[in-house]
Amino acid sequence: MKVNGEKYRTIWPAEDGSGVVIIDQTKFPHTFETTSLLDLEDAAHAIRVMQVRGAPLIGATAAFGVALGMKADPSDESLHAACDTLLATRPTAVNLKWALDIARKRLIQIAPERRAHAAFELASQICDDDIATNMAIGMHGMELITEIAKKKRPGEPVNVLTHCNAGWLATVDWGTATAPIYMSHDSGIPVHVWVDETRPRNQGAFLTAWELGHHGVPHTVVVDNAGGHLMQHGKVDLVITGTDRTTADGDVCNKIGTYLKALAARDNGVPFYVALPSSTIDFSLSDGLSQIPIEERSGTEVSHITGLTEDGRTETVEIVAPGSDTANPAFDVTPARLVTGLITERGVLEANRKAIVKAFPERMKMS
Ligand code: MRU
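## Quick notes on the overall build of the protein chain
Thinking step 1. When helices and strands are counted, the protein chain shows 13 helices and 18 strands.
Thinking step 2. The C-alpha radius of gyration computed for the protein chain amounts to 20 Å, which stays within 12% of the reference 21 Å derived for 367 residues, consistent with globular compactness.
Thinking step 3. Projecting the C-alpha coordinates of the protein chain onto the three principal axes gives extents of approximately 60 × 55 × 45 Å.
Thinking step 4. Counting every position in the protein chain, which comprises 367 residues, the buried fraction comes to 54%.
Thinking step 5. Relative to all contacts within the protein chain whose residues are 6 or more apart in sequence, the contacts with residues 24 or more apart total 74%.
Thinking step 6. Considering the protein chain, the positive charge centre built from 34 side chains and the negative charge centre built from 46 side chains are found 6 Å apart.

## Observations regarding the pairing of strand 17 (residues 341-344)
Within a regular strand, the side chains alternate between the two sheet faces.
Thinking step 1. Because side chains alternate across strand 17, one face comprises the buried residues Gly 341 and Ile 343, and the other comprises Leu 342 and Thr 344, equally buried.
Thinking step 2. As judged from the three bridges shared by strand 12 (residues 272-275) and strand 17, these two strands associate in the parallel manner. Across the sheet, the residue bridging to Val 274 is Leu 342, located in strand 17.
Thinking step 3. The pairing of strand 17 with strand 18 (residues 347-349) spans three bridges and is classified as antiparallel.

## Re the site of the ligand
Thinking step 1. If you check the shell around the ligand, you find 18 residues, and the closest are Arg 53, Arg 90, Gln 203, Asn 254 and Lys 255.
Thinking step 2. Here Gly 54 contributes a backbone N or O atom positioned 3.0 Å from an oxygen atom of the ligand.
Thinking step 3. One of the side-chain nitrogen or oxygen atoms of Lys 255 is found 2.8 Å away from an oxygen atom of the ligand.
Thinking step 4. In isolation the ligand has 410 Å² of accessible area, and contact with the protein removes 100% of it.
Thinking step 5. Residue assignment for the shell around the ligand shows that the elements contributing at least two residues are helix 2 (55-72) and strand 11 (252-255).
Thinking step 6. Residues that form the shell around the ligand fall into these classes: seven nonpolar, seven polar and four charged.

## Notes on the pattern of salt bridges
Pairing between side chains becomes possible if they bear opposite charge and their charged atoms approach one another.
Thinking step 1. By the definition in use, this model includes 18 salt bridges.
Thinking step 2. Between Arg 104 and Asp 84 there is a salt bridge, with the nearest N and O atoms lying 2.9 Å from each other. Pair noted here: Arg 104 is in helix 4 (residues 95-107) and Asp 84 is in helix 3 (residues 76-87), with a separation of 20 residues, a long-range link.
Thinking step 3. With a relative accessible area of 43%, Asp 84 lands in the partly exposed category.
Thinking step 4. The shortest N-O distance in the salt bridge between Asp 237 and Lys 152 comes to 2.8 Å. With Asp 237 in the loop between helix 8 (227-232) and strand 9 (238-241) and Lys 152 in the loop between helix 5 (112-150) and strand 6 (158-162), the pair connects residues that are 85 residues apart, well separated along the chain.
Thinking step 5. Through salt bridges with shared partners, one network takes in Arg 90, Arg 201, Glu 295, Arg 297 and Glu 301.

## Describing the packing of aromatic side chains
Thinking step 1. Counted according to the given criterion, the structure contains seven aromatic pairs.
Thinking step 2. Ring centres 6.2 Å apart and planes at 75° place the aromatic pair Phe 28 and Phe 32 in the edge-to-face group.
Thinking step 3. Owing to a relative accessible area of 26%, Phe 32 belongs among the partly exposed residues under this scheme.
Thinking step 4. When the ring of Phe 28 is compared with that of Trp 210, the centres are 4.6 Å apart and the planes differ by 70°; the resulting orientation is edge-to-face. Taken together, the residues Phe 28 in the loop between strand 4 (20-23) and strand 5 (34-37) and Trp 210 in helix 7 (residues 203-215) connect sequence positions 182 residues apart. Each member of the pair, Phe 28 as well as Trp 210, carries the same accessibility label: buried.
Thinking step 5. Ring-pair connections join several aromatic residues into one group, and the members of that group are Tyr 8, Trp 12, Phe 28, Phe 32, Trp 168 and Trp 210.

## Section: the packing of helix 2 against helix 4
Thinking step 1. One can describe the packing of helix 2 onto helix 4 by two numbers: an axis separation of 7 Å at closest approach and a directional angle of 30°. In terms of orientation, helix 2 lies roughly parallel with respect to helix 4. You can see that helix 2 and helix 4 cross each other, and the crossing is right-handed. Residue-level contacts link Ala 55, Pro 56, Ile 58, Gly 59, Ala 62 and Val 66 of helix 2 to Asn 95, Leu 96, Ala 99, Leu 100, Ala 103 and Leu 107 of helix 4.
Thinking step 2. A per-class count over the contact of helix 2 with helix 4 returns ten nonpolar, two polar and no charged.

## Details of the sheet that holds strand 10 (residues 245-247)
Thinking step 1. One open sheet holds the four strands; their spatial order is 13-10-11-16, and the pairing between them is mixed. Strands with a single pairing partner mark the edges of an open sheet, and in this sheet they are strand 13 (281-282) and strand 16 (331-334).
Thinking step 2. Relative to strand 16, strand 11 is paired through four bridges, and the arrangement is antiparallel. Pairing of Val 252 across the sheet is with Thr 334, part of strand 16.
Thinking step 3. Docked against the sheet, helix 9 (residues 258-268) engages strand 11 and strand 16, running at close to 30° with respect to strand 16.

## Some words on the environment of Ile 110
Thinking step 1. Inspection of the secondary structure puts Ile 110 in the loop between helix 4 and helix 5.
Thinking step 2. Between the C-alpha atoms of Ile 110 and Ser 184, which are 74 residues apart in sequence, the distance is 43 Å.
Thinking step 3. Apart from residues no more than four positions distant in its own chain, Ile 110 is found in contact with Arg 115 and Ala 118.

Calculation rules
- Residues numbered from 1 in each chain as written.
- Predicted model: local features only at pLDDT ≥ 70, side-chain atom pairs only at ≥ 80, totals over all residues.
- Heavy atoms only, no water.
- Helix = DSSP H or I, 4+ residues; strand = E, 2+ residues; numbered from the N terminus.
- Rg over C-alpha atoms; globule rule 2.2 N^0.38 Å.
- Buried < 20%, exposed > 50% of the residue type's maximum accessible area, 1.4 Å probe, protein only.
- Contact = heavy atoms within 4.5 Å.
- Lys, Arg positive; Asp, Glu negative; His and termini not counted.
- Charge placed at Lys NZ, Arg CZ, Asp CG, Glu CD.
- Pairing = 2+ DSSP bridges.
- Near = heavy atom within 4 Å.
- Polar contact = N/O pair within 3.5 Å; in protein donor to acceptor, adjacent residues only side chain to side chain.
- Areas by Shrake-Rupley, 256 points an atom, 1.4 Å probe, with all protein chains shown as cover.
- Nonpolar A, V, L, I, M, F, W, Y, C, P; charged D, E, K, R; others polar.
- Salt bridge = Lys/Arg side-chain N within 4 Å of Asp/Glu carboxyl O.
- Phe/Tyr/Trp six-rings, centres within 6.5 Å; stacked < 30°, edge-to-face > 60°.
- Axes fitted to C-alpha atoms, helices over the stretch in contact; angles between N-to-C directions.
- Parallel < 35°, antiparallel > 145°, perpendicular 65-115°, else oblique.
- Left-handed = near helix turned anticlockwise from the far one by under 90°.

Take a look at the structure:
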């Protein structure tokens, strides 16, 4: 996507061959800043502290992390150690394991002296594939938006509600939930997006709103609790979210609060779609609630908030009564029965095993 007239991906190899460049997502929404990852530990750190985040981008960064590790030491031991280090960075997004499994399996078969080069090629391929996948998701999702737009008065926007950031910043480009929105907007279909702020880290307010604003997509940021009210008043035509891990039976794990949006959507007859690449499907799991590991993050994300003061200083302030306990589960699971459809690179699927296996038979065999 374009930022100040220049085309960007979220991650790319440095031109001078020194490492990999990322957009530092901890600096949003006030600063657009790139930073370099020079070694394996830089890559692991970037995922851990969420300089990069979002399931597909975590996977792509891990692939580049392996390449940086191979550049320093291409031995078998180093390959396994690099994959293990990166796998331990965040627990929920399965794209991390997906990318590392591919890297480990491919690179172990390659002679150590050629491993670094092969690892960089593989990471670049994963990035290119991610973009192609998201564009396919965008085309399929745009068909859903087009159908809704046909029932509207001329010029009346299709209102999409989204949670967290499943935008281009969460992928290599285009995003998953946002790809249908960008494509519809670019094709002249009027779209308006309700952006959930997504406490505690505010990925909606900080990242999705920033993205949509830079692309000229009309949008409104709302507090996380507003979605149900908006749906009761007919102000949401459909919900599209992303996911960090979806089971073979169609249970969807995504940013905390997604489940409540799905419940409200069901109660109000609003379609609830989840956009995802097949790399986010964990074909080894069936029941999301009991089987998907939910990341538990620091309570300070709940008790403190960081923002910009009027005179331009970044300040962190406490917003919870001192001494209160806090809990911070970062994801929740929406059962398949609440999901209207999965928007994948191979079309819009019902959220059940039969439809998922039929669309991706080769992935099921591999798991
Ligand atoms: O904790 P985050 O910011 O990594 O969580 C991101 C999400 O929940 C996204 O919705 C998900 O990764 C899908 S990204 C296309």
